[in-house]
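Chain residues, written in single-letter form:
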Amino acid sequence: MLQNSFPVCSLLVLFLFLFAFIKVPTTLCADDDPQYSNCMTTISCGGIAHIDYPFWGMNRANYCGLPGFELKCEDEVLKITMNQNTLRILDVDLWQQILKVAREDYWNGYCLSELVNTTINFNYFDYGYVKLDEVP
């Protein structure tokens, strides 16, 4: 019985040896795909940095994120537009999936010449619970 296992072990060692030295063609590597390389960059603006998927804009092409998640940096302020509203991004926590925003039209005062509803796409966003003493 021991003599029969020798050829199997030899074949197994030969197979592992050959498998270890097989080179993967470089065309299969993600680094060769320009779209993948472009999406490796993150977005930074003002004090907010290292933003990636699902967001895109500025130095990230639209195929790097989802529709409706385009970010813009204006005067070192990161902004996103949802429907008719431009929102200032105050903080992003990608790990906990928290996006803190403030409406741009309320930024310098509460008296508006035109009232606009704030509509959130609940397929992507939800209201979070915040204690009043946690609001900056």
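Cut-off values and rules
- Residues numbered from 1 in each chain as written.
- Predicted model: local features only at pLDDT ≥ 70, side-chain atom pairs only at ≥ 80, totals over all residues.
- Heavy atoms only, no water.
- Pairing = 2+ DSSP bridges.
- Helix = DSSP H or I, 4+ residues; strand = E, 2+ residues; numbered from the N terminus.
- Axes fitted to C-alpha atoms, helices over the stretch in contact; angles between N-to-C directions.
- Core = buried A, V, L, I, M, F, W, Y, C linked by side-chain atoms within 4.5 Å.
- Buried < 20%, exposed > 50% of the residue type's maximum accessible area, 1.4 Å probe, protein only.
- Contact = heavy atoms within 4.5 Å.
- Lys, Arg positive; Asp, Glu negative; His and termini not counted.
- Salt bridge = Lys/Arg side-chain N within 4 Å of Asp/Glu carboxyl O.
- Polar contact = N/O pair within 3.5 Å; in protein donor to acceptor, adjacent residues only side chain to side chain.
- Disulfide = S-S within 2.5 Å.

S.K.: Where do I start with the sheet that holds strand E6 (residues 98–103) in this structure?
M.R.: The sheet built from 4 strands is open, its strands ordered E3-E4-E5-E6 with antiparallel pairing. Both edges of this open sheet fall to strand E3 (71–74) and E6, since each of them pairs with a single strand only. Strand-to-strand, the axes of this sheet are offset by a mean angle of 45°, without reference to chain direction. Here strand E4 (residues 77–82) runs beside strand E5 (residues 85–93); their pairing, made up of 4 bridges, is antiparallel. If you follow Met-82 over to E5, its bridge partner there is Asn-85.

S.K.: In this structure, what is going on with the nonpolar core? I would like to understand it.
M.R.: Nonpolar side chains in soluble globular proteins generally cluster together in the buried interior. In terms of nonpolar packing, the biggest core is built from 15 residues, with Ile-51, Phe-55, Leu-71, Leu-78, Ile-80 and Ile-89 touching the most fellow members. Put simply, the parts of the chain that give this core at least two residues each are strand E1 (43–45), strand E2 (48–51), E4 and E5. Excluding residues that lie within four positions of it along the chain, Leu-78 makes contacts with Ile-43, Cys-45, Ile-48, Ile-51, Met-58, Leu-71, Lys-72, Leu-87, Arg-88 and Ile-89.

S.K.: Looking at this model, I keep getting lost on unusual backbone geometry. Mind explaining?
M.R.: For residues other than glycine, phi is negative in most cases, and the peptide bonds are mostly trans. Note that the residue after Tyr-53, namely Pro-54, is joined by a cis bond; omega there is 15°. When you line up the elements, Pro-54 lands in the loop between E2 and E3. A positive phi angle, close to 60°, is found at His-50, a residue other than glycine. Mapped onto the elements, His-50 comes out in strand E2. Looking at His-50, the relative accessible area reads 61%, which means it is exposed. Despite not being glycine, Asp-75 shows a phi value in the positive range, around 55°.

S.K.: What exactly am I supposed to notice about the side chain of Arg-60 here?
M.R.: Tracing the sequence through the fold places Arg-60 in the loop between E2 and E3. Buried charge without a partner: Arg-60 forms no salt bridge, and the closest opposite charge is Asp-52, 5.9 Å away. Within the local environment of Arg-60, its side chain forms a polar contact with the backbone oxygen of Cys-39, the two atoms lying 2.7 Å apart. Side-chain polar atoms of Arg-60 contact the backbone oxygen of Thr-41, separated by 2.7 Å. Apart from the residues lying within four places of it in its own chain, the contact partners of Arg-60 are Cys-39, Thr-41, Thr-42, Ile-43, Ile-51, Asp-52, Tyr-53 and Phe-55.

S.K.: When you look at the state of the cysteines in this model, what are you seeing that I'm missing?
M.R.: Evaluation of the coordinates by the stated rule reveals 2 disulfides. Here Cys-39 connects covalently by a disulfide to Cys-64, the sulfurs 2.0 Å from one another. The sign of the S-S torsion, about -90°, decides the handedness of the disulfide formed by Cys-39 and Cys-64: left-handed. Of this pair, Cys-39 sits in helix H2 (residues 34–39) while Cys-64 is found in the loop between E2 and E3, placing the two residues 25 residues apart along the sequence.

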